[in-house]
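Chain and residue survey
The residues making up each chain are set out below.
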Amino acid sequence: MSALTPRLPGHRQQHEGDSHWLVVSDLMASLMMIFLFLALLHMVQIERAHEVETEVRTSAAELRQAIYHALEDEFVDDLPRWNAELERDTLTLRFREPDVLFDRSSSRIKPEFEAILSDFLPRYVARLRPFSTVIREIRIEGHTSSEWAPGSSPLEAYFANMELSQKRTRAVLRFAYGLEALRHEQWFRYRVAAVGLSSSRLVLDATGHEDPTASRRVEFSVLTNFEDRLLAPTGLDVAATP
(Lines give C-alpha, C1' and ligand atoms only; values in the text may rest on other atoms or scores of the structure.)
Protein backbone atom coordinates (compact mmCIF):
# COMPACT_ATOMS: atom_id res chain seq x y z
CA MET A 1 0.00 0.00 0.00
CA SER A 2 1.45 3.35 -1.03
CA ALA A 3 1.98 6.29 1.29
CA LEU A 4 -0.85 8.11 -0.51
CA THR A 5 -3.36 5.43 0.34
CA PRO A 6 -5.88 6.88 2.85
CA ARG A 7 -6.10 5.25 6.35
CA LEU A 8 -9.22 3.29 6.98
CA PRO A 9 -11.71 4.64 9.53
CA GLY A 10 -11.34 1.52 11.68
CA HIS A 11 -7.66 2.20 12.16
CA ARG A 12 -8.40 5.75 13.33
CA GLN A 13 -11.02 4.52 15.81
CA GLN A 14 -8.66 1.87 17.17
CA HIS A 15 -5.91 4.46 17.61
CA GLU A 16 -8.26 6.85 19.35
CA GLY A 17 -9.52 4.03 21.59
CA ASP A 18 -5.97 3.05 22.53
CA SER A 19 -5.14 6.68 23.35
CA HIS A 20 -8.27 6.95 25.51
CA TRP A 21 -7.35 3.90 27.57
CA LEU A 22 -3.77 5.12 27.96
CA VAL A 23 -5.06 8.40 29.40
CA VAL A 24 -7.41 6.54 31.74
CA SER A 25 -4.69 4.15 32.89
CA ASP A 26 -2.31 7.06 33.53
CA LEU A 27 -5.02 8.83 35.53
CA MET A 28 -5.73 5.67 37.55
CA ALA A 29 -2.02 5.20 38.22
CA SER A 30 -1.75 8.82 39.40
CA LEU A 31 -4.77 8.43 41.67
CA MET A 32 -3.33 5.22 43.06
CA MET A 33 -0.06 6.98 43.87
CA ILE A 34 -1.96 9.80 45.61
CA PHE A 35 -4.00 7.28 47.57
CA LEU A 36 -0.88 5.37 48.62
CA PHE A 37 0.79 8.62 49.68
CA LEU A 38 -2.22 9.64 51.79
CA ALA A 39 -2.43 6.18 53.33
CA LEU A 40 1.28 6.30 54.20
CA LEU A 41 0.89 9.79 55.68
CA HIS A 42 -2.06 8.61 57.76
CA MET A 43 -0.04 5.65 59.08
CA VAL A 44 2.87 7.93 59.99
CA GLN A 45 0.54 10.30 61.85
CA ILE A 46 -1.08 7.46 63.77
CA GLU A 47 2.33 6.09 64.71
CA ARG A 48 3.52 9.51 65.86
CA ALA A 49 0.37 10.07 67.91
CA HIS A 50 0.93 6.68 69.54
CA GLU A 51 4.55 7.62 70.31
CA VAL A 52 3.44 10.90 71.89
CA GLU A 53 0.88 9.10 74.06
CA THR A 54 3.47 6.51 75.08
CA GLU A 55 5.94 9.23 76.01
CA VAL A 56 3.36 11.00 78.15
CA ARG A 57 2.33 7.76 79.86
CA THR A 58 5.96 6.85 80.52
CA SER A 59 6.69 10.31 81.93
CA ALA A 60 3.57 10.11 84.08
CA ALA A 61 4.53 6.73 85.50
CA GLU A 62 8.09 7.81 86.23
CA LEU A 63 7.10 11.09 87.89
CA ARG A 64 4.33 9.50 89.94
CA GLN A 65 6.88 6.98 91.16
CA ALA A 66 9.23 9.84 92.02
CA ILE A 67 6.49 11.58 94.01
CA TYR A 68 5.68 8.36 95.82
CA HIS A 69 9.32 7.72 96.76
CA ALA A 70 9.77 11.34 97.92
CA LEU A 71 6.81 11.00 100.28
CA GLU A 72 7.81 7.52 101.38
CA ASP A 73 11.35 8.62 102.22
CA GLU A 74 10.02 11.54 104.24
CA PHE A 75 7.31 9.76 106.23
CA VAL A 76 8.32 6.10 106.39
CA ASP A 77 9.12 6.36 110.12
CA ASP A 78 6.09 8.49 110.96
CA LEU A 79 3.34 6.46 109.34
CA PRO A 80 3.19 3.70 112.01
CA ARG A 81 2.96 6.13 114.94
CA TRP A 82 0.35 8.22 113.12
CA ASN A 83 -1.60 5.07 112.15
CA ALA A 84 -1.38 6.32 108.58
CA GLU A 85 -0.57 4.72 105.26
CA LEU A 86 0.76 5.87 101.88
CA GLU A 87 -0.89 4.33 98.85
CA ARG A 88 1.42 4.00 95.85
CA ASP A 89 -1.15 3.84 93.03
CA THR A 90 -3.20 6.89 94.06
CA LEU A 91 -0.49 8.90 95.85
CA THR A 92 -2.84 9.06 98.82
CA LEU A 93 -1.64 9.53 102.39
CA ARG A 94 -4.41 8.31 104.67
CA PHE A 95 -4.88 9.11 108.36
CA ARG A 96 -7.02 6.26 109.65
CA GLU A 97 -7.30 6.78 113.42
CA PRO A 98 -10.69 8.49 113.90
CA ASP A 99 -10.31 8.78 117.67
CA VAL A 100 -7.29 11.01 117.07
CA LEU A 101 -8.79 13.13 114.29
CA PHE A 102 -12.13 14.52 115.51
CA ASP A 103 -14.73 13.94 118.19
CA ARG A 104 -17.82 12.06 117.03
CA SER A 105 -20.17 14.31 115.01
CA SER A 106 -17.76 17.24 115.48
CA SER A 107 -15.61 19.19 113.03
CA ARG A 108 -13.24 20.46 115.72
CA ILE A 109 -9.74 19.09 115.17
CA LYS A 110 -8.46 17.27 118.22
CA PRO A 111 -5.21 18.52 119.80
CA GLU A 112 -3.51 15.23 118.90
CA PHE A 113 -4.35 15.69 115.22
CA GLU A 114 -3.33 19.36 115.34
CA ALA A 115 0.10 18.22 116.56
CA ILE A 116 0.32 15.69 113.72
CA LEU A 117 -0.75 18.25 111.11
CA SER A 118 1.75 20.81 112.41
CA ASP A 119 4.50 18.27 111.81
CA PHE A 120 3.10 16.69 108.67
CA LEU A 121 1.91 19.59 106.49
CA PRO A 122 5.13 21.64 106.17
CA ARG A 123 7.15 18.54 105.33
CA TYR A 124 4.47 17.28 102.94
CA VAL A 125 4.34 20.54 101.02
CA ALA A 126 8.14 20.82 100.94
CA ARG A 127 8.45 17.33 99.46
CA LEU A 128 5.86 18.10 96.79
CA ARG A 129 7.28 21.52 95.87
CA PRO A 130 9.80 20.15 93.28
CA PHE A 131 6.85 18.54 91.46
CA SER A 132 4.60 21.61 91.55
CA THR A 133 4.61 22.04 87.75
CA VAL A 134 3.01 18.61 87.22
CA ILE A 135 0.65 18.66 90.22
CA ARG A 136 -2.88 19.65 89.23
CA GLU A 137 -4.42 19.39 92.68
CA ILE A 138 -3.65 18.45 96.28
CA ARG A 139 -6.95 17.21 97.61
CA ILE A 140 -7.87 16.98 101.29
CA GLU A 141 -10.68 14.44 101.49
CA GLY A 142 -12.98 13.85 104.44
CA HIS A 143 -14.70 10.46 104.74
CA THR A 144 -17.29 9.23 107.22
CA SER A 145 -19.14 6.05 108.03
CA SER A 146 -22.79 5.69 107.03
CA GLU A 147 -23.88 5.95 110.67
CA TRP A 148 -25.80 8.89 112.07
CA ALA A 149 -28.45 9.47 114.72
CA PRO A 150 -30.76 6.55 115.57
CA GLY A 151 -33.88 6.60 113.45
CA SER A 152 -32.26 8.54 110.60
CA SER A 153 -33.00 7.31 107.11
CA PRO A 154 -30.02 6.37 104.92
CA LEU A 155 -30.52 9.53 102.86
CA GLU A 156 -30.72 11.76 105.94
CA ALA A 157 -27.57 10.14 107.31
CA TYR A 158 -25.76 10.59 103.99
CA PHE A 159 -26.42 14.32 103.75
CA ALA A 160 -25.75 14.89 107.44
CA ASN A 161 -22.41 13.14 107.04
CA MET A 162 -21.78 15.13 103.85
CA GLU A 163 -22.10 18.38 105.77
CA LEU A 164 -19.91 17.02 108.56
CA SER A 165 -17.17 15.79 106.21
CA GLN A 166 -17.12 19.13 104.39
CA LYS A 167 -16.79 21.03 107.66
CA ARG A 168 -13.93 18.75 108.71
CA THR A 169 -11.93 19.20 105.51
CA ARG A 170 -12.45 22.99 105.69
CA ALA A 171 -11.18 22.87 109.26
CA VAL A 172 -8.04 21.05 108.12
CA LEU A 173 -7.55 23.51 105.26
CA ARG A 174 -8.05 26.49 107.57
CA PHE A 175 -5.50 24.99 109.96
CA ALA A 176 -3.04 24.55 107.09
CA TYR A 177 -3.45 28.20 106.06
CA GLY A 178 -2.69 29.24 109.62
CA LEU A 179 0.69 27.51 109.74
CA GLU A 180 3.61 29.93 109.53
CA ALA A 181 5.64 27.45 107.49
CA LEU A 182 3.03 27.53 104.71
CA ARG A 183 2.46 31.30 104.59
CA HIS A 184 4.74 31.71 101.56
CA GLU A 185 3.82 28.50 99.72
CA GLN A 186 1.65 30.23 97.13
CA TRP A 187 1.72 27.27 94.72
CA PHE A 188 0.14 25.12 97.46
CA ARG A 189 -2.69 27.61 97.96
CA TYR A 190 -3.43 27.60 94.24
CA ARG A 191 -3.70 23.81 94.08
CA VAL A 192 -5.13 22.65 97.40
CA ALA A 193 -8.81 21.74 97.62
CA ALA A 194 -10.97 20.49 100.50
CA VAL A 195 -13.61 17.90 99.61
CA GLY A 196 -16.13 16.21 101.89
CA LEU A 197 -17.27 12.86 100.51
CA SER A 198 -19.59 11.67 103.29
CA SER A 199 -19.98 7.87 103.19
CA SER A 200 -19.60 7.52 99.43
CA ARG A 201 -16.34 5.56 99.74
CA LEU A 202 -16.81 3.20 102.63
CA VAL A 203 -14.10 0.83 103.79
CA LEU A 204 -15.31 -2.76 103.87
CA ASP A 205 -14.12 -5.56 106.13
CA ALA A 206 -13.13 -9.07 105.05
CA THR A 207 -16.79 -10.14 104.92
CA GLY A 208 -17.76 -7.28 102.60
CA HIS A 209 -19.57 -5.29 105.27
CA GLU A 210 -18.90 -1.68 106.25
CA ASP A 211 -16.10 -1.06 108.72
CA PRO A 212 -17.38 2.11 110.44
CA THR A 213 -14.11 2.88 112.23
CA ALA A 214 -11.93 2.50 109.13
CA SER A 215 -14.41 4.49 107.05
CA ARG A 216 -13.92 7.58 109.24
CA ARG A 217 -10.66 9.00 107.90
CA VAL A 218 -8.85 11.99 106.37
CA GLU A 219 -6.83 11.61 103.18
CA PHE A 220 -4.35 13.78 101.30
CA SER A 221 -4.19 12.89 97.60
CA VAL A 222 -1.98 14.18 94.78
CA LEU A 223 -3.54 14.56 91.33
CA THR A 224 -1.18 15.20 88.43
CA ASN A 225 -1.88 16.98 85.14
CA PHE A 226 -0.92 14.02 82.96
CA GLU A 227 -4.57 13.15 82.38
CA ASP A 228 -5.02 16.60 80.79
CA ARG A 229 -1.87 16.17 78.73
CA LEU A 230 -3.13 12.86 77.35
CA LEU A 231 -6.34 14.57 76.25
CA ALA A 232 -4.57 17.63 74.82
CA PRO A 233 -4.10 17.90 71.02
CA THR A 234 -0.88 16.30 69.80
CA GLY A 235 -0.58 18.66 66.80
CA LEU A 236 -1.25 15.72 64.50
CA ASP A 237 -4.65 15.95 62.85
CA VAL A 238 -5.08 12.23 62.33
CA ALA A 239 -8.87 12.40 61.92
CA ALA A 240 -8.62 14.89 59.07
CA THR A 241 -6.58 12.54 56.90
CA PRO A 242 -8.70 10.41 54.54
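Now for a description of the structure that goes with this document. (Residues numbered from 1 in each chain as written. Predicted model: local features only at pLDDT ≥ 70, side-chain atom pairs only at ≥ 80, totals over all residues. Heavy atoms only, no water.)

What about the pattern of salt bridges?
- Under the defined criterion, the tally for this structure stands at 21 salt bridges.
- The partner of Asp103 in a salt bridge is Arg108, and the shortest N-O contact between them spans 3.2 Å.
- Note that Arg104 and Glu147 form a salt bridge whose closest N and O atoms lie 3.7 Å from each other. Here the residue Arg104 occupies a position in the loop between helix 3 (98-101) and helix 4 (111-128), and Glu147 occupies one in the loop between strand 3 (135-143) and helix 5 (154-177), the gap between them amounting to 43 residues.
- For Arg104, a relative accessible area of 57% puts it in the exposed group.
- Sharing partners across several salt bridges, the network here consists of Glu74, Asp78, Arg81, Asp119, Arg123 and Arg127. (Salt bridge = Lys/Arg side-chain N within 4 Å of Asp/Glu carboxyl O. Helix = DSSP H or I, 4+ residues; strand = E, 2+ residues; numbered from the N terminus. Buried < 20%, exposed > 50% of the residue type's maximum accessible area, 1.4 Å probe, protein only.)

Remarks on the nonpolar core
- Counting residues in each nonpolar core, the largest one holds 43 residues, and the members touching the most others are Phe95, Phe113, Phe120 and Phe220.
- Looking at this core element by element, the count peaks at eight residues for helix 4.
- Every residue in contact with Phe95, bar those within four places of it in the chain, is listed here: Trp82, Asn83, Ala84, Leu101, Phe113, Ile116, Phe120, Arg217, Val218 and Phe220. (Core = buried A, V, L, I, M, F, W, Y, C linked by side-chain atoms within 4.5 Å. Contact = heavy atoms within 4.5 Å.)

Remarks on the side chain of Glu185
- By the element assignment, Glu185 lies in the loop between helix 5 and helix 6 (186-191).
- Within the structure, the side chain of Glu185 is placed 2.5 Å from the side chain of Arg129, a separation counted as a polar contact.
- Setting aside residues no more than four positions away along its own chain, Glu185 makes contact with Val125 and Arg129. (Polar contact = N/O pair within 3.5 Å; in protein donor to acceptor, adjacent residues only side chain to side chain.)

A closer look at the sheet that holds strand 2 (residues 92-95)
- With respect to topology, five strands assemble into an open sheet ordered 1-2-5-3-4, the strand pairing being mixed. A strand with exactly one partner marks an edge of an open sheet, and here the two such strands are strand 1 (84-87) and strand 4 (192-196). Going across the sheet, the axis of each strand differs from the next one's by a mean of 15 degrees, ignoring polarity.
- Where helix 4 meets the sheet, its contacts fall on strand 2, strand 3 and strand 5 (217-224), and the angle it forms with strand 5 comes to roughly 10 degrees.
- Each of strand 3, strand 4 and strand 5 is contacted by helix 5, which is oriented at about 155 degrees to strand 4, the strand it contacts most. (Pairing = 2+ DSSP bridges. Axes fitted to C-alpha atoms, helices over the stretch in contact; angles between N-to-C directions.)

Considering the pairing of strand 2
- On strand 2, burial covers both faces: Thr92 and Arg94 on one face and Leu93 and Phe95 on the other are all buried.
- Relative to strand 2, strand 1 runs antiparallel, the two being bridged by four bridges. Across the sheet, the residue bridging to Ala84 is Phe95, located in strand 2.
- What sits between the antiparallel neighbours strand 1 and strand 2 is a turn of four residues, in which Leu91 has the positive phi angle 55 degrees.

None of the figures reported here should be taken as evidence of function without further support.
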